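Residues per chain are reported as follows:
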Amino acid sequence: MTKTIGLLCTLLVALATGTLALAQDTPQTGSPAPDLRIPRGARLFISPIEGGYDIYLAAAMHKKEVPIVIVTDKSKADFELSGVTESEKAGWAKTIFMGNTSTSEQASIKVVNLKSATVVFGYNVNKGSFARGKQSSSEACAKHLKEKIEKGL
Amino acid sequence: MRMVGIVAAIAVAWMFAGTMASAQVASPEGGLRPGARVFLAEMPDGFQGYLKAAFARKKVPVVLVDSRDDAEFEIKGSSESQKASTAKKLFMGSWHSDEQASISVANLRSGEIVFAYSANKKNSAHGKQTTAEACAKHFKEAIEKKK
């Protein structure tokens, strides 16, 4: 009995020492790696963007069936999407020589995790002639956001 | 005998929970349904006026209210018109404007956006009326699908 207890105590001491040694050997990495994933069903708030582009983005996410829930209250959201957009109308030269009246569109969006304040997604789009203007650029953003969510990265 | 009783009780509880869960799943998404009370927010260029007219013309089955406090849903929107340039009029023979518009419908209780739609019409014969009616038509389809 005494022998068994003694053996157990020795084992415990050895385990404790080994754990301590391992902890000291393992380099201190500081804070854990940030979580850059956007889970399916996450709640996303789209902050107001000049020209009502936030509404185009909401429509695009609805059309592309992006698997998130868009909310209108930032306090209820897990993520926030913000962005900028710019449209350039076709000039006379483009209209006459190219027969093209489509606008040039640029847009840039970023998605931030509101809990960790980490930027989890960013995307730029730039097209010389978009057939449907803001609708096209917002759908490009929505499509890539959907890919990001579905990949689970 | 006691075991049979316990198993029966668990089975009944399981069935009850399943019924409750399916009842929650079966309810319309976001509450969008015919007769819902909808408020049209102020929009640039008075687009909400075009939407009101479009809703009436397309017979969208919602009740438009004047006060946000009385509404279950709020529609926000954005609209942009691009008039035909001189070059377009001369060389393409078209004087019609290009129109873009977008609407989103939010459930005021849950704060979730339950429907959103963008319309883009080149050489629109009727300007904002065309995009407003496109939005109204698709909103009506969304409501009727969720009946």
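Above this text is the structure in question.
In this report, the structure presented in the accompanying data block is examined. Since the structure is predicted, the reported quantities are computational estimates derived from the model, not experimental observations.

1. A short note on the pairing of strand β3 (residues 79–88) of chain A
All names here are of chain A.
Here's step 1: In this sheet, β3 lies alongside strand β1 (residues 43–46) in parallel orientation, the contact comprising three bridges. Across the sheet, Ile-46 pairs through a bridge with Leu-81, a residue of β3.
Here's step 2: Both β3 and strand β4 (residues 103–113) contribute to a ladder of ten bridges, which runs antiparallel. Within β4, the residue paired with Gly-83 across the bridge is Ile-109.

2. Here's the deal with the pairing of β1(A)
Residues and elements named next belong to chain A.
Here's step 1: Inspection of the sheet shows β1 paired to strand β2 (residues 69–71) by three bridges, in the parallel sense. Considered in β2, the bridge of Arg-43 is made with Val-69.
Here's step 2: On the question of chirality, the crossover connecting β1 to the parallel β2 by way of helix α2 (residues 53–63) is right-handed.

3. Some details on the nonpolar core
As a rule of thumb, nonpolar side chains are buried together in soluble globular proteins.
Here's step 1: Core analysis: the biggest nonpolar cluster contains 31 residues, and Ile38(A), Met61(A), Ile68(A), Leu81(A), Val111(A) and Leu145(A) have the highest contact counts within it.
Here's step 2: Sorting the residues of this core by element identifies β1, α2, β3, β4, β5 (118–130) and α4 (133–151) of chain A together with β5 (113–124) of chain B as the ones contributing at least two each.
Here's step 3: With seven residues, α2(A) is the largest single contributor of residues to this core.
Here's step 4: Filtering out sequence-adjacent residues up to four positions away, Ile38(A) remains in contact with Ile68(A), Phe79(A), Val111(A), Val120(A), Phe121(A), Leu145(A), Lys148(A) and Ile149(A).

4. With respect to the packing of α2(A) against α4(A)
Residues and elements named next belong to chain A.
Here's step 1: Packing of α2 against α4 brings their axes to within 8 Å, and their N-to-C directions diverge by 55 degrees. Here α4 runs oblique to α2, going by the angle between their axes. With respect to the hand of their crossing, α2 and α4 are arranged in right-handed fashion. For the pair formed by α2 and α4, the contact residues are Tyr-53, Tyr-56, Leu-57, Ala-60, Met-61 and Lys-63 on the first element and Lys-134, Gln-135, Ser-137, Ser-138, Glu-139, Cys-141, Ala-142 and Leu-145 on the second.

5. Some remarks on the interface of chain B and chain A
Here's step 1: At the interface, 29 residues of chain B touch 26 residues of chain A.
Here's step 2: A combined buried area of about 2200 Å² lies between chain B and chain A, and 55% of that area is made up of carbon and sulfur atoms.
Here's step 3: Linking chain B with chain A are two salt bridges.
Here's step 4: Linking chain B to chain A there are nine residue pairs in polar contact (both at pLDDT 80 or more).
Here's step 5: The element best represented in the side of chain B that touches chain A is β5(B), accounting for nine residues.
Here's step 6: Looking at the side of chain B that touches chain A, its residues break down into twelve nonpolar, ten polar and seven charged.

6. Details of a nonpolar patch on the surface
Residues and elements named next belong to chain B.
Here's step 1: A contiguous nonpolar surface patch, about 310 Å² in accessible area, is contributed by Met-3, Ile-6 and Ile-10.
Here's step 2: Considering the arrangement of structural elements, one finds Ile-10 in helix α1 (residues 2–26).
Here's step 3: We classify Ile-10 as exposed; its relative accessible area is 52%.

7. So, the pattern of salt bridges
When the charged atoms of two side chains lie near each other, side chains of opposite charge can form a pair.
Here's step 1: Tallying each qualifying case throughout the model produces twelve salt bridges over all chains.
Here's step 2: The salt bridge involving Glu80(A) is made with Lys74(A); its shortest N-O contact spans 3.2 Å.
Here's step 3: Of the charged contacts, one joins Glu80(B) and Lys134(A) as a salt bridge, the two residues approaching to 2.9 Å between their closest N and O atoms. On the criterion of chain membership, the pair formed by Glu80(B) in strand β3 (residues 73–82) and Lys134(A) in helix α4 is interchain, its members lying in two chains.
Here's step 4: Looking at Lys134(A), the relative accessible area reads 6%, which means it is buried.

Criteria and thresholds
- Residues numbered from 1 in each chain as written.
- Chains lettered and ligands numbered in written order.
- Predicted model: local features only at pLDDT ≥ 70, side-chain atom pairs only at ≥ 80, totals over all residues.
- Heavy atoms only, no water.
- Pairing = 2+ DSSP bridges.
- Helix = DSSP H or I, 4+ residues; strand = E, 2+ residues; numbered from the N terminus.
- Right-handed = clockwise from strand over helix to strand, strands pointing away.
- Core = buried A, V, L, I, M, F, W, Y, C linked by side-chain atoms within 4.5 Å.
- Buried < 20%, exposed > 50% of the residue type's maximum accessible area, 1.4 Å probe, protein only.
- Contact = heavy atoms within 4.5 Å.
- Axes fitted to C-alpha atoms, helices over the stretch in contact; angles between N-to-C directions.
- Parallel < 35°, antiparallel > 145°, perpendicular 65-115°, else oblique.
- Left-handed = near helix turned anticlockwise from the far one by under 90°.
- Buried area = accessible area lost by both parts, 1.4 Å probe.
- Salt bridge = Lys/Arg side-chain N within 4 Å of Asp/Glu carboxyl O.
- Polar contact = N/O pair within 3.5 Å; in protein donor to acceptor, adjacent residues only side chain to side chain.
- Nonpolar A, V, L, I, M, F, W, Y, C, P; charged D, E, K, R; others polar.
- Patch = residues over 30% accessible without salt bridge, like charges linked within 9 Å, V, L, I, M, F, W, Y side chains within 5 Å.
- Areas by Shrake-Rupley, 256 points an atom, 1.4 Å probe, with all protein chains shown as cover.

It is worth stressing that arrangement in space is one thing and function is another; only the former is reported here.
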